[in-house]
Amino acid sequence: VQLQASGGGLAQAGGSLRISCAASGSIISISTLGWYRQAPGKQRELVATITSGGRTNYADSVKGRFTISRDNAKNTVYLQMNSLKPEDTAVYSCNAHGIQANLLPYDYWGQGTLVTVSS
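First, a word on scope: everything that follows refers to the structure included in this document. All chains use their own residue numbering, which begins from 1 and follows the written sequence. Reporting in this predicted model follows two pLDDT cut-offs: at least 70 for local features of residues, and 80 or more for side-chain atom pairs to be given and counted; totals over whole chains, interfaces and linings ignore these cut-offs and use all residues. Just so you know, side-chain values use all the structure's heavy atoms and leave hydrogens and water out.

Description of the overall build of the protein
- Check the secondary structure of the protein and you find zero helices and eleven strands.
- Each helix is a run of DSSP H or I of at least 4 residues and each strand a run of E of at least 2, with the numbering of both proceeding from the N terminus. Of the regular secondary structure in the protein, the N- to C-terminal order runs β-β-β-β-β-β-β-β-β-β-β.
- Between the two quantities, the radius of gyration covers C-alpha atoms and the globule rule is 2.2 Å times the number of residues to the power 0.38. Its C-alpha atoms give the protein a radius of gyration of 14 Å, within 12% of the compact-globule value 14 Å for 119 residues.
- Oriented by its inertia axes, the alpha-carbon framework of the protein measures out at about 50 × 25 × 25 Å.

Below, the structure is given as structure tokens:
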């Protein structure tokens, strides 16, 4: 399984960005997909996840501003980020995890994409 994130960049406070993560591997369709972020000097934190059934979960800090979605036909997960704040500046990484048919867990990470929000 490979995860390739893209779409990061520079945005102004109050602006929007959409980042994407394209995944390879048939297991992706049954995976929970998620976005995590790590700001300089801070620990990595959950941003949002979406299950194979479409159930979503968000960090309190992004609720109402960010939207996670997935396109199973394209094996892609998206994060639409609106009303961006300087504190959203971080490296955003995508993740796929779940339980295989043999009941072994899996947990895959893609490389990060940098999002910088200027004030």
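Focus on the nonpolar core
- For the purposes of this section, nonpolar cores are sets of buried Ala, Val, Leu, Ile, Met, Phe, Trp, Tyr and Cys residues that join through side-chain atoms within 4.5 Å. Exposure classes here rest on a 1.4 Å probe applied to the protein chains alone. A residue is buried below 20% of its type maximum, exposed above 50%, and partly exposed in between. Ranked by size, the top nonpolar core spans 31 residues in total, and within it Trp35, Val47, Phe66, Ile68, Leu79, Met81 and Tyr92 carry the most contacts.
- For this core, the elements supplying multiple residues, two or more each, are strand 1 (3-6), strand 3 (17-23), strand 4 (32-38), strand 5 (45-50), strand 7 (66-71), strand 8 (76-81), strand 9 (90-99) and strand 11 (113-118).

Comments concerning the environment of Ala59
- The residue Ala59 is located in the loop between strand 6 (56-58) and strand 7 in this model.
- C-alpha separation for the pair Ala59 and Ile19, spaced 40 residues apart in sequence, amounts to 17 Å.
- The contact rule is simple, with two residues in contact once any of their heavy atoms fall within 4.5 Å. Setting aside residues up to four positions removed in sequence, Ala59 forms contacts with Leu46 and Val47.

Brief notes about the pattern of salt bridges
- A carboxyl oxygen of Asp or Glu within 4 Å of a side-chain nitrogen of Lys or Arg is what we treat as a salt bridge. With the rule as written, the count across this model stands at four salt bridges.
- Its salt-bridge partner being Asp88, residue Arg37 comes within 3.0 Å of it at the nearest N-O pair. Placement of Arg37 in strand 4 and of Asp88 in the loop between strand 8 and strand 9 is noted, with a sequence separation of 51 residues between them. In this structure, Arg37 and Asp88 share a single accessibility class: buried.
- Across the pair Asp60 and Lys63 runs a salt bridge whose closest N-O atoms are separated by 3.2 Å.
- One network of salt bridges, in which partners are shared, links Arg37, Glu45, Arg65 and Asp88.

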